[in-house]
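# Residue-level structure breakdown
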Amino acid sequence: MHKADSEYMWYELEPGCVIIEPGSSRKYHTGDWRAFFPVLKKERCIRCGICWIFCPDIAYQKDEKGYYIVDLRYCKGCGICVRECPVGAIRMEKEKEI
Amino acid sequence: MGKHLGMEVSFAAAEAVKLSNVDVVAAYPITPQTHIVERLSEYVASGELDAEFVPVESEHSALSLCVGSEAAGARSFTCTSSQGLALMSEIVYIVPALRLPIVMILVNRSLSGPLSIWNDHSDVMSIRDCGWIQLFVENGQEVFDHVMIAYKIAENHNVLLPVMINMDGFILSHMFEPVELMEQSDVDYYLSPYQPRFVLHPDEPLTMGAYAMPTLFTEAKKAHEEALLASYTHIMRAWEAWGAVSGRSYHPVETFCSEDAETLFITMGSLSETAGEAVRVLRGQGKKAGILKLRLWRPFPFNDFLRSIGNAQRLIVLDRALSPGGPGGPVAGEIRSALYHLENRPQIFNFIAGLGGREVTVGSFLEMFVSSLSGKAFGYRIFGARG
């Protein structure tokens, strides 16, 4: 999408609301749903990639040193990575109250 | 021109689906729809029809499968009745929102309960607001013709909406009638191969059926409704083009003896034939009676309807479905709305008749006519209920 949902007129929608631009969901930042966010303790991390495999939002990406780093634009704060991490390297912290 | 044959109307419907060269048929058998899909499965098995026939495990799956095949660019067909429609109703609403030009024949049968296999319109009225183009046909020839017409309308890129053809269960589906078939070359001339607007294909990824936030949902609904309203012109053109090929022409509202009529019967589907006989009897007695048949139910042809009622003072509206605890039958409700703004509007006599296969005879229409003459307009009556 080239503009926000709320800017579209009804006649500007494709028939059937088909989205012809692939990968446009990347522009939808679901991170602001979050109440808790994951924090990685690198000295404990064994770089196994379990968090990357289990993350339901594909929010983890591998960095150049092989660590899996969460992209907070997409992380909804579900905590599955914390639950699945075999060495307890991730913990959840509460977001600040707005 | 094609051959004239006496044949079961269900078989004529299957013949029309074959002539339309569909790619996919997905259906689950349910009385009284069964003969249509049985015959189609035979056509596919014998190689007469080059299509995938998928004997799915439910009607929910039948229409879901058609969504997938149509999205992949295949001309798809399904067919059901009553409980089958109820089971697939979730998907019925999704098809027009995705603007997929699927064609479905709904062989009208009452919804349970009590359990019944016989005809009325309670099934189609349960999904009235689904946003499909909805047609009612009167006899076997109209069933046959409207399969090709439906694909012509649906697949037009200015339309891209599913079309539902309503035919009365048993009264039409299991009746032997004279039908004029069409040559394949004439059908091919009328109906071009399906050119989808969007296709699901890995080489050109796109998304169908995405979630709509509250900021977009209203616009999506508005776009759908505008498409349905705009389909009217293309429905008219598809009928005109069919007239040129077949010599048979159709209109959103058909009339019989309506020009000088003081009383008009308003009917849909096969009841129109019986009403025609009643009008002949009444005209023989010098009574100014006529019929107005609604062929196009969605989009509702308000202008054609208002033009066609002329100077009639009494409208006898037949409903084959009841809206319990409501304002009467669904057809009469819409007609009252259509007339509300007129200063001199005719009186409405709404009869709920023909429920669950109860016969509506020429005599029934004559009885309705007499009670409309003697009384004032009333909300509605359940015709023929004993006691």
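Residues numbered from 1 in each chain as written. Chains lettered and ligands numbered in written order. Predicted model: local features only at pLDDT ≥ 70, side-chain atom pairs only at ≥ 80, totals over all residues. Heavy atoms only, no water.

### Looking at the pairing of strand β11 (residues 289–294) of chain B
Residue and element names in this part refer to chain B. Burial of β11 is extensive: 6 of the 6 residues sit out of reach of the surface. Taking every second residue as pointing to the same face, both faces of β11 are buried, with Ala 289, Ile 291 and Lys 293 on one and Gly 290, Leu 292 and Leu 294 on the other. The pairing of strand β9 (residues 253–256) with β11 spans 4 bridges and is classified as antiparallel. Across the sheet, residue Phe 256 finds its bridge partner in β11, namely Ile 291. (Buried < 20%, exposed > 50% of the residue type's maximum accessible area, 1.4 Å probe, protein only. Helix = DSSP H or I, 4+ residues; strand = E, 2+ residues; numbered from the N terminus. Pairing = 2+ DSSP bridges.)

### Quick notes on the interface of chain B and chain A
Across the boundary between the two partners, chain B contributes 19 residues, which contact 16 residues of chain A. The residue A:Glu14 makes a salt bridge to B:Arg197 at a minimum N-O spacing of 3.6 Å. There are 1 residue pair in polar contact (both at pLDDT 80 or more) connecting chain B and chain A. Ranked by the residues each element gives to the side of chain B that touches chain A, the list is headed by helix α8 (residues 214–246) of chain B, at 7 residues. For the side of chain B that touches chain A, the class distribution of residues is 12 nonpolar, 2 polar and 5 charged. (Contact = heavy atoms within 4.5 Å. Salt bridge = Lys/Arg side-chain N within 4 Å of Asp/Glu carboxyl O. Polar contact = N/O pair within 3.5 Å; in protein donor to acceptor, adjacent residues only side chain to side chain. Nonpolar A, V, L, I, M, F, W, Y, C, P; charged D, E, K, R; others polar.)

### A word on the domain arrangement of chain B
All names here are of chain B. Assigned domains of chain B: these are domain 1 (4–246) and domain 2 (253–382). The centre of domain 1, based on its C-alpha atoms, is set 28 Å off from the matching centre of domain 2. Between domain 1 and domain 2, the residue contacts involve 28 residues of the former and 24 residues of the latter. When domain 1 packs against domain 2, close to 2,100 Å² is buried across both sides, 58% of that on carbon and sulfur atoms. At the surface where domain 1 touches domain 2, the tally comes to 4 salt bridges. Arg 128 serves as the salt-bridge partner of Glu 334, at 3.2 Å between the closest nitrogen and oxygen. Summed over the shared surface of domain 1 and domain 2, the result is 14 residue pairs in polar contact (both at pLDDT 80 or more). Listing elements by their share of the side of domain 1 that touches domain 2, those giving two or more residues are α5 (122–126), β6 (133–136), α6 (140–155) and α8. Top element by residues in the side of domain 1 that touches domain 2 is α8. It accounts for 5 residues. Grouping the constituent residues of the side of domain 1 that touches domain 2 by class yields 13 nonpolar, 9 polar and 6 charged. (Domains from an automatic or database assignment. Buried area = accessible area lost by both parts, 1.4 Å probe.)

### Thoughts on unusual backbone geometry
In the segment running from B:Ser112 into B:Gly113, the intervening peptide bond is cis, with an omega of 10 degrees. Locating B:Gly113 in the fold gives a position in the loop between β5 (103–108) and α5. Cis geometry marks the peptide bond from B:Gly113 to B:Pro114, where omega comes out at 5 degrees. Within the fold, B:Pro114 resides in the loop between β5 and α5. For A:Arg47, which is not glycine, the phi dihedral falls at a positive 60 degrees. Summarising the element assignment, A:Arg47 is placed in the loop between β1 (36–40) and α1 (50–54). The class of A:Arg47 is partly exposed, set by a relative accessible area of 42%. In the Ramachandran plot, B:Leu160 falls in the positive-phi region, its phi being about 50 degrees despite a non-glycine side chain. What makes B:Leu160 buried here is its relative accessible area of 3%.

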